[in-house]
Amino acid sequence: MDNSSNGSKRTAIVIGIVVIFLVGALAVWYWGIYQPEQEAIEKARLEQIAKQEAEQKRKDEAARRKTQYDQLIINADTEFNQENWAVAQSLYSDAAALLPNQQYAQDQLTLVNAKLDEIAAREARIASGEIETISSPTGRFYVIVSSSIDGDLAMDYARKLTEEGSDVKIIQPDDINKLFHRVSVGDYETWDQAVAATSSFSSFGEEVWVLKY
């Protein structure tokens, strides 16, 4: 009876030890292997989601900036074509700041700044009474309001027009035109622009004509 009782106790102890070992092994596996793996998987999943969200946010922002840039360029080109240089400069500057890698806005800004510098120089000449003389061909189209053999007479007339606020230039005689000093009140890049501008100088009467020089 005692041997049977002792055997049962030993069996129970062995079973208890085995159970404890299995529970311990399971706990080690769960906390040491399974749980860290699940945490790593979940962390990777959340990081992937965050990366995808950040990429989508970047794309949305890039699309928003491109849309805004395109609208600024449309508005700036409109002002440029209407020769509203200061407004065009502001719009091109905003576009260039928005997308600095877009060359078009930079190029247009360079053109506008050159136009503004040209206007500033012209206004400075008018204010000082300075008369610019052209002695060699420029390829531009000049609105001529007077031609005179007498250079002093042409200069006096040019000074009078300058005092009245005109942007005056005198085209001097050259190898082809050996006689006449021509007084211009405007110069343009194209023939059509110059011809269109002649209507603004109708007060000069029939003396107004366009010269390419």
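Below or above, wherever it landed, is the structure these notes cover. For clarity, every value in this text was computed on a predicted model and none was experimentally measured.

### Overview of the overall build of the protein
Moving on, step 1. Counting secondary structure elements, the protein contains 5 helices and 5 strands.
Moving on, step 2. Taken from N to C terminus, the helices and strands of the protein fall in the order α-α-α-β-β-α-β-β-α-β.
Moving on, step 3. At 43 Å, the protein has a C-alpha radius of gyration far larger than the 17 Å of a compact globule built from 213 residues.
Moving on, step 4. In the protein, which comprises 213 residues, the proportion classed as buried is 25%.
Moving on, step 5. Here the contacts in the protein between residues at least 6 apart in sequence split such that 65% fall between residues at least 24 apart.
Moving on, step 6. Of the roughly 14300 Å² that the protein leaves accessible, carbon and sulfur atoms contribute 56%.

### Some details on the packing of helix α2 (residues 85–98) against helix α3 (residues 103–128)
Moving on, step 1. Where α2 meets α3, the closest approach of the two axes is 9 Å, and the angle between their N-to-C directions is 150 degrees. Taken together, the axes of α2 and α3 are roughly antiparallel relative to one another. Pair α2 / α3 crosses with left-handed handedness. Across from Trp85, Ala86, Ala88, Gln89, Tyr92, Ser93, Ala95 and Ala96 in α2, the residues of α3 making contact are Tyr104, Ala105, Gln106, Gln108, Leu109, Val112, Asn113, Lys115, Leu116 and Ile119.
Moving on, step 2. Residues of the contact of α2 with α3, tallied by class, amount to 12 nonpolar, 5 polar and 1 charged.

### Examining unusual backbone geometry
Among all residues save glycine, negative phi is the norm, and among peptide bonds the norm is trans.
Moving on, step 1. A positive phi angle, close to 60 degrees, is found at Glu83, a residue other than glycine.
Moving on, step 2. Secondary-structure assignment places Glu83 in the loop between α1 (2–81) and α2.

### Overview of the pairing of strand β4 (residues 181–188)
Moving on, step 1. By the criterion of burial, β4 is predominantly enclosed, with 7 of the 8 residues buried.
Moving on, step 2. As defined by bridge partners, strand β2 (residues 141–148) adjoins β4 across 7 bridges and the pair is classed as antiparallel. Paired with Ser148 across the bridge in β4 is His181.

### With respect to the packing of aromatic side chains
Moving on, step 1. Applying the stated criterion to the full structure yields 7 aromatic pairs.
Moving on, step 2. The interplanar angle of 85 degrees and the centroid separation of 4.9 Å between the aromatic rings of Tyr30 and Trp31 together place this pair among those described as edge-to-face.
Moving on, step 3. Classification of Tyr30 by relative accessible area gives partly exposed; the value is 32%.
Moving on, step 4. Relative accessible area serves as the criterion here: at 60%, Trp31 is assigned to the exposed category.
Moving on, step 5. Both rings, one in Phe80 and one in Trp85, keep their centres 5.2 Å apart while their planes meet at 80 degrees; by these two values the pair is edge-to-face. Side by side, Phe80 and Trp85 carry an identical accessibility label, which is buried.
Moving on, step 6. Here the aromatic cluster, defined as three or more aromatic residues joined through ring pairs, consists of Trp29, Tyr30, Trp31 and Tyr34.

### Some thoughts on the sheet that holds strand β1 (residues 132–134)
Moving on, step 1. Pairing is mixed in the open sheet, where 5 strands are placed in the order β1-β3-β4-β2-β5. The open sheet has two free edges, formed respectively by β1 and β5 (209–212), since each of these has just one partner strand. Averaged over all neighbouring strand pairs, the angle between strand axes comes to 40 degrees, with direction disregarded.
Moving on, step 2. Where strand β3 (residues 169–171) and β4 come together, 3 bridges link them in antiparallel fashion. Residue Lys169 lies in a different strand from β4, and its bridge partner there is Ser184.

### So, α2
Moving on, step 1. For α2, with 14 residues, the first-to-last C-alpha span of 20 Å sits near the 20 Å given by 1.5 Å per residue.
Moving on, step 2. Of the residues making up α2, those classed as buried are Trp85, Ala88, Leu91, Tyr92, Ala95, Ala96 and Leu98. Mapping the buried residues of α2 onto a view down its axis gives an arc of 160 degrees, with all of them on the same face.

### A few points about the pattern of salt bridges
Moving on, step 1. Tallied over the entire structure, the rule returns 12 salt bridges.
Moving on, step 2. A network of salt bridges, in which partner residues are shared, links Glu132, Arg140, Asp167, Lys169 and Asp187.

Procedures and definitions
- Residues numbered from 1 in each chain as written.
- Predicted model: local features only at pLDDT ≥ 70, side-chain atom pairs only at ≥ 80, totals over all residues.
- Heavy atoms only, no water.
- Helix = DSSP H or I, 4+ residues; strand = E, 2+ residues; numbered from the N terminus.
- Rg over C-alpha atoms; globule rule 2.2 N^0.38 Å.
- Buried < 20%, exposed > 50% of the residue type's maximum accessible area, 1.4 Å probe, protein only.
- Contact = heavy atoms within 4.5 Å.
- Areas by Shrake-Rupley, 256 points an atom, 1.4 Å probe, with all protein chains shown as cover.
- Axes fitted to C-alpha atoms, helices over the stretch in contact; angles between N-to-C directions.
- Parallel < 35°, antiparallel > 145°, perpendicular 65-115°, else oblique.
- Left-handed = near helix turned anticlockwise from the far one by under 90°.
- Nonpolar A, V, L, I, M, F, W, Y, C, P; charged D, E, K, R; others polar.
- Pairing = 2+ DSSP bridges.
- Phe/Tyr/Trp six-rings, centres within 6.5 Å; stacked < 30°, edge-to-face > 60°.
- Expected span 1.5 Å × (residues − 1).
- Arc of directions from axis to C-beta.
- Salt bridge = Lys/Arg side-chain N within 4 Å of Asp/Glu carboxyl O.

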